[in-house]
Amino acid sequence: MGLRLLKTLLGDYPTTRALRRGELTLARVAFDFADVPQVASAFKRTVRDLEFDVSELAIVTYLMAKAHGKPYVLLPAVVLGRFQHPFLVYNSARGELRPRDLNGRRVGIRSYSVTTSMWLRGILANDFGVNIDSVRWVTFEEPHVAEFKDPPTVERASEGKELLKMLLDGEVDAAVMRDTKLEDPRLKRLIPDPDKAAHEWHVKNRAIQINHMVVVRQTLSQSDPDAVREVYRLLREAKRRAPAPAPGELDMTPFGLEANRRNLEVAIDYVHQQRLIPRRFKVDELFDDVTRNLDR
């Protein structure tokens with residue numbers, strides 16, 4: 001079989017850079033990378049239009065897509081992982097706020113099913129005793145998966161509203177912000193000492209918080225399993241060429257089914273707990289016979 005050109009959605013990270021820059025090439029497969037300013041902006045194209053053969057995808061989006069029968073299978077390859085504790089902020093000019101104070105309050109988030117927001121809701125519920133169903137979640141975007149309908153606790157911000165301004169004006173009590181630099185002195189992190197909290201979460205759960213993994217079209221895996229094996233091999237090689245974690249630091253982009261089994265179990269538990277999927281998947285269900293055995 002000749003060269004297989006794969007339509008691909010993949011962000012540019014240290015662990016994918018060698019692949020994105022064409023430093024890793026083979027006669028077996030080639031990648032037609034989508035040109036997008038932010039990879040997450042194209043996730044809808046994956047799960048609604050089924051546009052890509054190979055796609056980076058937020059883990060929540062993938063689990064929701066699987067629940068609705070979208071024809072993709074998971075590769076055991078994390079391309080983005082991070083602890084979410086620093087991303088929840090509040091306006092200290094309106095008084096001190098702590099996680100338990102969020103019961104009955106309003107929290108601004110990009111979308112209800114965004115992975116960062118999912119992890120933070122799980123942290124609030126499981127580690128701080130917040131009743132997340134008592135919170136009013138103010139959103140700006142619809143879910144990636146069209147079949148999912150936001151719960152009654154979600155409301156859409158009015159047209160033209162901006163999350164940061166709403167937080168500073170007191171229209172929301174807290175917000176999940178993409179930028180954690182907090183240049184405005186009024187902004188404070190809602191979870192005190194988020195690095196310490198993240199470490200404690202890791203010890204307690206024996207997991208990292210996955211953001212994005214890689215999926216492949218189910219028909220590609222069925223019709224051309226060697227192409228899928230090559231994709232995974234190239235992803236592994238690109239990761240190998242990236243700087244390794246510093247001594248004592250966690251690997252936040254682990255590869256391999258067993259290396260990710262516990263990470264996926266916790267993600268599934270949190271997503272199911274929040275009723276984003278109707279049942280708790282088993283980890284092995286997320287893979288097929290090809291992708292389940294890529295490390296063997």
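Source: prediction; values computed, not measured. (Residues numbered from 1 in each chain as written. Predicted model: local features only at pLDDT ≥ 70, side-chain atom pairs only at ≥ 80, totals over all residues. Heavy atoms only, no water.)

**Looking at helix 9 (residues 257–273)**
Piece 1. The end-to-end C-alpha separation of helix 9 is 23 Å, in line with the 24 Å expected for 17 residues at 1.5 Å each.
Piece 2. Every buried residue belonging to helix 9 is among Leu257, Asn260, Arg261, Asn263, Leu264, Val266, Ala267, Ile268, Tyr270 and Val271, and all of these are buried.
Piece 3. Considering only its buried residues, helix 9 is in contact with helix 3 (59–67), strand 4 (72–81), helix 4 (115–128), helix 6 (194–205) and strand 11 (210–217).
Piece 4. Phi turns positive one or two residues past the end of helix 9, at Arg275, with a value near 60°. (Helix = DSSP H or I, 4+ residues; strand = E, 2+ residues; numbered from the N terminus. Expected span 1.5 Å × (residues − 1). Buried < 20%, exposed > 50% of the residue type's maximum accessible area, 1.4 Å probe, protein only. Contact = heavy atoms within 4.5 Å.)

**A closer look at the pairing of strand 7 (residues 136–139)**
Piece 1. In this sheet, strand 7 lies alongside strand 6 (residues 106–108) in parallel orientation, the contact comprising three bridges. Across the sheet, Val107 pairs through a bridge with Trp137, a residue of strand 7.
Piece 2. Inspection of the sheet shows strand 7 paired to strand 8 (residues 154–156) by three bridges, in the parallel sense. Considered in strand 8, the bridge of Val138 is made with Glu155. (Pairing = 2+ DSSP bridges.)

**Examining the pattern of salt bridges**
It is possible for side chains of opposite charge to pair when their charged atoms get near one another.
Piece 1. Going through the model one piece at a time under the given rule, you end up with 34 salt bridges.
Piece 2. With its nearest N and O atoms 3.1 Å apart, the salt bridge here joins Glu155 to Arg106. Placement of Glu155 in strand 8 and of Arg106 in strand 6 is noted, with a sequence separation of 49 residues between them.
Piece 3. The shortest N-O distance in the salt bridge between Glu230 and Arg233 comes to 3.7 Å. (Salt bridge = Lys/Arg side-chain N within 4 Å of Asp/Glu carboxyl O.)

**As for the layout of surface pockets**
Piece 1. Space inside the largest pocket adds up to approximately 1,000 Å³.
Piece 2. What lines the largest pocket is a set of 42 residues, and nearest its centre among them are Gln38, Ala40, Arg82, Arg110 and Arg178.
Piece 3. Broken down by secondary-structure element, the contributors of at least two residues to the lining of the largest pocket are helix 2 (43–47), helix 4, helix 5 (163–169) and strand 11.
Piece 4. Among the elements that line the lining of the largest pocket, the one with the most residues is helix 4, at three residues. (1 Å grid on protein atoms, 1.4 Å probe; cavity = no way out; pocket = protein on both sides within 12 Å on 5 of 7 lines; lining within 4 Å. Points joined across faces, edges and corners; volume = space filled by probe spheres on them.)

**Structural notes on the side chain of Asn205**
Piece 1. Here Asn205 is to be found in helix 6.
Piece 2. When its relative accessible area of 9% is taken as the criterion, Asn205 is described as buried.
Piece 3. With sequence-adjacent residues up to four places away left out, Asn205 is seen in contact with Arg262, Val266 and Tyr270.

**Some details on unusual backbone geometry**
Excluding glycine, residues mostly carry a negative phi; peptide bonds, for their part, are mostly trans.
Piece 1. Of note, the phi angle at Leu50 is positive, near 55°, even though the residue is not glycine.
Piece 2. Tracing the backbone shows Leu50 in the loop between helix 2 and strand 3 (54–58).
Piece 3. The class of Leu50 is partly exposed, set by a relative accessible area of 29%.
Piece 4. With phi around 45°, Asp193 is a residue other than glycine that occupies positive phi space.
Piece 5. Turning to its location among the elements, Asp193 is positioned in the loop between strand 10 (187–189) and helix 6.
Piece 6. Residue classification places Asp193 among the partly exposed residues on the basis of a relative accessible area of 48%.

It is worth stressing that arrangement in space is one thing and function is another; only the former is reported here.
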